[in-house]
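Fold and geometry: a report
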Amino acid sequence: MSDHQWHPETLSVRAGSEHTPYGENSEAIFLTSSFVFSNAAQAAARFGGQEPGNIYSRFTNPTVTMFQNKLAALEGAESCVATSSGMSAILACVMGVCSAGDHVVASRSIFGTSVQLFSNILKRWGLETTFVSLTDPDEWRAASKANTKLFFVETPSNPLTEICDIALLADIAHEAGALLAVDNCFCSPALQKPLDLGADIVVHSATKYIDGQGRCLGGAVLGRKDVLEPVYGFLRTAGPTMSAFNAWVFLKGLETLHVRMDAHARNALELATWLEQQPGVSRVYYPGLASHPQHALAKKQQKSGGAIVSFEVKGGQEAAWRLIDATKMISITANLGDAKSTITHPATTTHSRVSPEARAAAGIGDGLVRIAVGLEHIDDIKADLALLSKSL
Ligand SMILES: *Cc1c(COP(=O)(O)O)cnc(C)c1O
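Quantities reported herein were computed from a predicted structural model and do not represent experimental measurements. (Residues numbered from 1 in each chain as written. Predicted model: local features only at pLDDT ≥ 70, side-chain atom pairs only at ≥ 80, totals over all residues. Heavy atoms only, no water.)

Some thoughts on the overall build of the protein
Counting its secondary structure elements, the protein contains 15 helices and 12 strands. Its C-alpha radius of gyration of 22 Å places the protein within 12% of the 21 Å reference for a compact globule of 392 residues. Seen along its three principal axes, the alpha-carbon backbone of the protein occupies a region of about 75 × 50 × 40 Å. When each of the 392 residues of the protein is scored for burial, the buried share is 53%. Looking at the protein as shown, the accessible area adds up to about 16800 Å², and 55% of this sits on carbon and sulfur atoms. Charged side chains of the protein number 32 positive and 38 negative; the gap between the two group centres comes to 3 Å. (Helix = DSSP H or I, 4+ residues; strand = E, 2+ residues; numbered from the N terminus. Rg over C-alpha atoms; globule rule 2.2 N^0.38 Å. Buried < 20%, exposed > 50% of the residue type's maximum accessible area, 1.4 Å probe, protein only. Areas by Shrake-Rupley, 256 points an atom, 1.4 Å probe, with all protein chains shown as cover. Lys, Arg positive; Asp, Glu negative; His and termini not counted. Charge placed at Lys NZ, Arg CZ, Asp CG, Glu CD.)

Quick notes on the environment of V13
Following the sequence through the fold, V13 ends up in helix α1 (residues 8-14). As for V13 and A362, which are separated by 349 residues in sequence, their C-alpha atoms are 39 Å apart.

Considerations on the sheet that holds strand β8 (residues 281-285)
Pairing within the open sheet is mixed, and its 5 strands lie in the order β8-β9-β12-β11-β10. In this open sheet, the two strands that pair with only one neighbour each are β8 and β10 (331-332). Relative to strand β12 (residues 368-372), strand β11 (residues 342-344) runs antiparallel, the two being bridged by 3 bridges. What sits directly across from T342, in β12, is A372. Running over the sheet, helix α13 (residues 316-326) touches β9 (308-313), β10, β11 and β12 and is turned about 130° from β9. (Pairing = 2+ DSSP bridges. Contact = heavy atoms within 4.5 Å. Axes fitted to C-alpha atoms, helices over the stretch in contact; angles between N-to-C directions.)

So, the domain arrangement of the protein
Per the domain assignment, the segments making up the protein are domain 1 (8-30 + 61-255) and domain 2 (258-389). Spacing between the C-alpha centres of domain 1 and domain 2 amounts to 24 Å. Contacts between the two partners involve 33 residues from domain 1, matched on the other side by 34 residues from domain 2. Counting across the domain 1 and domain 2 interface gives 12 residue pairs in polar contact (both at pLDDT 80 or more). (Domains from an automatic or database assignment. Polar contact = N/O pair within 3.5 Å; in protein donor to acceptor, adjacent residues only side chain to side chain.)

Written out as structure tokens, the structure reads:
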């Protein structure tokens, strides 16, 4: 059995659990800021790097290490560093890869706060970002310059679930001398493995499907050792590292990742199929539907369509708000990745800071509603949206 390759489901449950000094079957939370040495020589050897081991929890912590090793096994990554949030994962990725004077090409449809990070904050520090269409490879080629160091992408996109060809984009990035980073938050490694497709870096908001029950904020950056080394250097110096408690929550969350993602996707496909038949709905966006423009690519690149379903209701914002306000069970929140289904109106929440013209150009209409489909019984989710069975 020694060369037996564990399946992803087994890695979710078993990988990374090596720090069990008392034989505990459930991993421990090592809540300690520092670690004690046997003597002065050992302290010197630890600080000098001649002896492996923990020094201080901003550098390493056994619970965080277990989480990193489990997620690395699931993404097929050589290295993983955990961060305090998804945003600090993205910041650490950029800080590790880029310097002032460098250039980034990013998809226009990335997470709203990521847009703010690139276009407002990082710009002040001399990093220039060009935003292009997620689905048009020619725009990525045209935007690349001699100082382009990073391509940054999120697929499927939020909220319209557009998909880019990761393998193709990796080739374009490498031709340009840049690295490709993929925010794999919507799919998680259970549904999509960007590193296997040629991407250099994966970033995560662990806050979403890795936790799975909406408890903690966290993030991670994964990739080759040489790529991750400066990312880790930034983290241990600047400090947005993951707490041991949060790492423990995410470790437990990952154990059920595959069963949860399969159940989320089953519910989402059934909901999307039902939505397409409702008189109150004019269009449904879900990669698992044959009507999705990139359904074939989704089938090639993802294990399923995922958990996010967006749809346009007839009657614009007024009808969308009426639908949202009529729900009795589904949580009205912009968060996603929870066992609880959530519903949001992108135009007035997640994308309210985008100008109406830019929203219209991106295809985010006033009647668009996004549901992150949870793990409730599908009939109860449909019942909560019963208003759609008539024209709103
Ligand atoms: C939520 C989210 C983030 C940011 O993660 P936080 O944990 O909230 O900092 C980044 N990317 C995507 C796709 C997200 O959904």
